[in-house]
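Analysis of the macromolecular model
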Amino acid sequence: MNNALISVYQKLFKKYKAQYWWPGNSRLEIIIGAILTQNTNWGNVEKAINNLKKEKLLSFDKLYQLNIENLAGLIRPSGYFNIKAKRLKNFLYYLKEKYNGNINRMFSRDLNDLRKELLNVSGIGPETADSILLYAGNYPIFVVDAYTKRIFLRHKFIEDDASYEEIQKLFMDNLRKNTKLFNEYHALIVKLGKEVCLKTKPQCEICPLKNYKFQFSNHKQIAN
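This structure is a prediction, so every number in the text was calculated from the model and none was measured.

**A short note on the state of the cysteines**
- Taken as a whole, this structure holds 0 disulfides when the rule is applied.
- In this structure Cys204 is a free cysteine whose sulfur lies 6.7 Å from that of Cys197, the closest cysteine sulfur available.
- For the unlinked cysteine Cys207, the closest cysteine sulfur is that of Cys197, found at 6.3 Å.

**Here we look at a negative patch on the surface**
- Together, Glu159, Asp160, Asp161, Glu165 and Glu166 make up a negatively charged patch on the protein surface.
- By relative accessible area, Asp160 is classed as exposed at 57%.

**A look at unusual backbone geometry**
- Residue Trp22 follows Trp21 across a cis peptide bond; omega there is 20°.
- Relative to the helices and strands, Trp22 resides in the loop between helix H1 (2-16) and helix H2 (27-36).
- Its identity as a non-glycine residue notwithstanding, Asn100 has a phi of 55°, on the positive side.
- Position of Asn100 among the secondary structure elements: in the loop between helix H6 (81-99) and helix H7 (103-106).
- Given the relative accessible area of 53%, Asn100 is considered exposed.
- Even without a glycine there, the phi angle at Lys156 is positive, about 65°.
- As for its placement among the helices and strands, Lys156 is situated in the loop between helix H10 (146-154) and helix H11 (164-174).
- Accessibility expressed as a relative area gives 44% for Lys156, which makes it partly exposed.

**Let's talk about the pattern of salt bridges**
- One pass over the structure, following the stated rule, counts 7 salt bridges.
- For Lys98, the salt bridge is made with Glu117, and the minimal N-O distance between the two is 3.7 Å. Placement of Lys98 in helix H6 and of Glu117 in helix H8 (residues 111-119) is noted, with a sequence separation of 19 residues between them.
- A salt bridge links Asp113 to Arg109, with the nearest nitrogen and oxygen atoms 3.7 Å apart.
- Here the salt bridges do not stand alone but share partners, grouping Lys98, Arg109, Asp113 and Glu117 into one network.

**Notes on helix H9 (residues 126-136)**
- Most of H9 is tucked away, with 9 of its 11 residues classed as buried.
- All of the buried residues along H9 are Thr128, Ala129, Asp130, Ser131, Ile132, Leu133, Leu134, Tyr135 and Ala136.
- Of the surrounding secondary structure, the elements contacted by the buried residues of H9 are H2, H8, H11 and helix H12 (179-195).

**Comments concerning the environment of Asn138**
- Here Asn138 is to be found in the loop between H9 and H10.
- Residue classification places Asn138 among the partly exposed residues on the basis of a relative accessible area of 49%.
- Taking the C-alpha atoms as reference, Asn138 lies 20 Å from Tyr164; in sequence the two are 26 residues apart.
- Each residue touching Asn138, except ones within four places of it in the same chain, is listed here: Arg27, Leu133 and Thr179.

**Structural notes on the packing of aromatic side chains**
- Taken as a whole and judged by the stated rule, the model has 18 aromatic pairs.
- Ring centres of Tyr9 and Tyr185 lie 5.2 Å apart, and the angle between their planes is 50°; on these two criteria the pair is classed as tilted. One end of the pair, Tyr9, is in helix H1; the other, Tyr185, is in helix H12, with 176 residues separating them in the sequence.
- Here Tyr9 falls in the buried class, since its relative accessible area comes to 16%.
- Among the aromatic side chains, those forming a connected cluster through ring pairs are Tyr9, Phe13, Phe142, Phe152, Phe157, Phe171, Phe182 and Tyr185.

Definitions and limits used
- Residues numbered from 1 in each chain as written.
- Predicted model: local features only at pLDDT ≥ 70, side-chain atom pairs only at ≥ 80, totals over all residues.
- Heavy atoms only, no water.
- Disulfide = S-S within 2.5 Å.
- Patch = residues over 30% accessible without salt bridge, like charges linked within 9 Å, V, L, I, M, F, W, Y side chains within 5 Å.
- Areas by Shrake-Rupley, 256 points an atom, 1.4 Å probe, with all protein chains shown as cover.
- Salt bridge = Lys/Arg side-chain N within 4 Å of Asp/Glu carboxyl O.
- Lys, Arg positive; Asp, Glu negative; His and termini not counted.
- Charge placed at Lys NZ, Arg CZ, Asp CG, Glu CD.
- Buried < 20%, exposed > 50% of the residue type's maximum accessible area, 1.4 Å probe, protein only.
- Helix = DSSP H or I, 4+ residues; strand = E, 2+ residues; numbered from the N terminus.
- Contact = heavy atoms within 4.5 Å.
- Phe/Tyr/Trp six-rings, centres within 6.5 Å; stacked < 30°, edge-to-face > 60°.

Here's what the structure looks like:
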């Protein structure tokens, strides 16, 4: 399994090269992006973040003091802006209460302990928490998203009813725990999912994995 997962990574990297993901000039900006990207595309998130930048609001203190109605208006391009404004505020309240607004102090915590804390923040689920941990915190944890499940289901690494935790475990157990590797691997999966392995009408004829077949047996996948 280790060899199969590495082979997939190598083929994707050869095709698409380094993705330099996640974009953001600060840890706070990356965290905001991780929360805003729920149920929307990155282009819309960029518009919302640019609105915050134009108003010079990309700091903890300014966002914490900003009322939720104004915040919602600024992040409107990201969609579900009222819900996402509440989620951002929930994170900011948590950061203030636990770490007095100090993100670096938050990221000094043990990975498992911090992950549990983040999952207790209303509106932050496993994918968002792990994106925050990997991309802003530089923790070695693999992020699973809809692209990951789609691609690895189609190549028979996983079963249709595989949970987030089961898919994440597949990568965590079979790859070296390396932040840079997990970062790049997930970014390459997103690239493939957006451009080739589409939800409907996948472009299999141009897929870099098209000639790489797998045998599914006893809940384990072995590269042919």
